[in-house]
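Structural overview for review
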Amino acid sequence: MIMVRAIVRPEKSDDILAALMDAGFPAVTKYSVAGRGKQRGIRVGDITYDEIPKTVLLCVVNSEDKDFLISTLMQAARTGEKGAFGDGKVFVSEVNEVHTISSGAMEGGDTISQEETAS
Amino acid sequence: MKEVIAVVRMNKMNRTKEALTREGINAFFAHEVQGRGKGLVDESLLQGAEQGIPEAISLLGEHGKLYPKRMVTVVVPDSQVRKVVRVLMEVNSTGSRGDGKIFVLPLSDAARIRTGETGEAAIA
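The rules behind the values
- Residues numbered from 1 in each chain as written.
- Chains lettered and ligands numbered in written order.
- Predicted model: local features only at pLDDT ≥ 70, side-chain atom pairs only at ≥ 80, totals over all residues.
- Helix = DSSP H or I, 4+ residues; strand = E, 2+ residues; numbered from the N terminus.
- Rg over C-alpha atoms; globule rule 2.2 N^0.38 Å.
- Buried ≥ 20, exposed ≤ 12 C-beta atoms within 10 Å, placed from the backbone.
- Contact = placed C-beta atoms within 7 Å.
- Expected span 1.5 Å × (residues − 1).
- Nonpolar A, V, L, I, M, F, W, Y, C, P; charged D, E, K, R; others polar.
- Pairing = 2+ DSSP bridges.
- Axes fitted to C-alpha atoms, helices over the stretch in contact; angles between N-to-C directions.
- Left-handed = near helix turned anticlockwise from the far one by under 90°.
- pLDDT = per-residue confidence, 0-100.

Details of the overall build of chain A
Looking only at helices and strands, one finds three helices and eight strands in chain A. Taken against the 2.2 N^0.38 rule, which gives 14 Å for 119 residues, the C-alpha radius of gyration of chain A at 17 Å runs more than 25% over that of a compact globule. By its C-alpha atoms, chain A is 60 × 30 × 25 Å across when sized along the principal axes. For chain A, with 119 residues in total, the buried portion stands at 24%.

Structure, rendered in structure tokens:
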């Protein structure tokens with residue numbers, strides 16, 4: 001499984017959440033962050049704003065859904081035709097195990113044997 | 001070294017903190033997050049919003065409601081992963097949908113800023 005963390009414009013997050021729901025990725029966690037990118041923030045006159053508010057959307061999905069999820073995110077998060085600076089980034093990382101607390105069910109777990117889990 | 005990320009109910013945070021400390025895991029950090037799962041949420045668990053907590057109400061959009069959650073991140077050596085997962089499970093389990101998820105991610109390195117130690121020494 002993989003964890004996809006997308007840093008997006010806060011004003012786009014509703015659109016993206018809707019797009020993810022339509023694409024069959026209902027499960028998402030969202031939190032607010034502040035950051036800057038390669039453009040070193042936004043300069044307006046003499047003032048540089050380098051703590052720009054962003055929203056992080058976190059999804060954990062099966063590895064085979066990676067490309068579809070990323071293209072869905074890209075389409076929904078982009079502003080204008082070609083996109084603009086500040087639309088954000090998508091990071092993908094490996095997830096070894098996923099546990100559902102309510103049922104105790106586990107998915108993945110390829111690195112550590114099931115026997116250890118039971119003990 | 002592994003990063004254990006758990007998304008849990010907000011009202012379980014105090015018990016989660018206590019339990020982790022009791023098991024000797026003192027270091028962790030937490031985020032306030034909003035999230036949704038597979039869309040199968042028991043509406044009776046929405047009492048927070050009904051009681052008029054503004055953050056809760058503002059999250060109830062039309063496209064899949066987002067519920068307030070806490071995200072707990074613990075970085076531990078491989079040998080302690082099982083213990084952390086077990087503790088988080090025990091404390092946060094109510095048996096209803098919406099209890100949350102626990103993700104275990106591989107982590108390549110860590111550094112302690114104060115001393116410059118890296119690897120397992122940094123998280124010991």
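Brief notes about the overall build of chain B
Looking only at helices and strands, one finds five helices and four strands in chain B. When the helices and strands of chain B are placed in sequence order, the string is β-α-β-α-α-β-α-β-α. When each of the 124 residues of chain B is scored for burial, the buried share is 29%. Sequence-distant contacts in chain B: of pairs separated by 6 or more residues, those separated by 24 or more amount to 79%.

Here's the deal with helix α4 (residues 81–92) of chain B
Given a rise of 1.5 Å per residue, 12 residues ought to cover 16 Å, and the 16 Å separating the end C-alpha atoms of α4(B) matches this to within 8%. If you follow the buried residues of α4(B), they end up packed against β7 (97–100) of chain A together with β1 (2–9), α1 (13–22), β3 (67–76) and β4 (100–106) of chain B.

Thoughts on the interface of chain A and chain B
Contact with chain A, which involves 26 residues of that partner, is made by 35 residues of chain B. At the level of elements, α1 (13–22), β2 (28–35), β6 (88–94), β7 and α3 (114–118) of chain A are the ones that each hand at least two residues to the side of chain A that touches chain B. Across the side of chain A that touches chain B, the residue classes break down as 13 nonpolar, eight polar and five charged. Pairing of β2(A) with strand β2 (residues 29–36) of chain B involves three bridges; the strand directions are antiparallel. Each residue of the ladder has a partner; that of A:Val28, found in β2(B), is B:Arg36.

Some remarks on the sheet that holds strand β1 (residues 2–8) of chain A
Taken together, the 10 strands give an open sheet; going across it, the order is β6(A)-β1(A)-β5(A)-β2(A)-β2(B)-β3(B)-β1(B)-β4(B)-β7(A)-β8(A), and neighbouring strands pair in antiparallel fashion. The sheet terminates laterally at β6 and β8 (106–108) of chain A, the two strands that pair on one side only. Taken over all neighbouring pairs, the strand axes of this sheet differ in orientation by 25° on average, direction set aside. Alignment of β1(A) against β6(A), held across seven bridges, turns out to be antiparallel. Note on β6(A): the bridge partner recorded for A:Val4 is A:Val92.

Some details on the packing of α1(A) against helix α2 (residues 66–77) of chain A
Residues and elements named next belong to chain A. Running from N to C, α1 and α2 cross one another at 145°; their axes reach a closest spacing of 9 Å. As α1 packs across α2, the resulting crossing turns out to be right-handed. Packed against α1, whose contacting residues are Asp15, Ile16, Ala19 and Leu20, the element α2 presents Thr72, Leu73, Gln75, Ala76 and Ala77 at the interface. Its residues assigned to classes, the contact of α1 with α2 comprises six nonpolar, two polar and one charged.

Description of the confidence of the model for chain B
Confidence in the prediction of chain B, expressed as mean pLDDT, is 85, and 81% of residues score 70 or more. On the interface metric, ipTM, the complex scores 0.73, and its pTM is 0.79.

What to know about the pairing of β1(B)
Residue and element names in this part refer to chain B. The element β1 is extensively covered by neighbouring structure, given that seven of its eight residues are classed as buried. Bridge analysis of β1 against β3 gives eight bridges, and the strand direction is antiparallel. Along β3, the bridge assignment pairs Ile5 with Thr73. As defined by bridge partners, β1 adjoins β4 across seven bridges and the pair is classed as antiparallel. Note on β4: the bridge partner recorded for Ala6 is Ile102.

Comments concerning the packing of α1(B) against α4(B)
Residues and elements named next belong to chain B. With their axes 9 Å apart at the nearest point, α1 and α4 run at an angle of 145° to one another. Regarding α1 and α4, the two cross each other, and that crossing is right-handed. In this structure, α1 contributes Arg15, Thr16, Ala19 and Leu20 to the contact, and α4 contributes Val87, Leu88, Val91 and Asn92. Class assignment for the residues of the contact of α1 with α4 results in five nonpolar, two polar and one charged.

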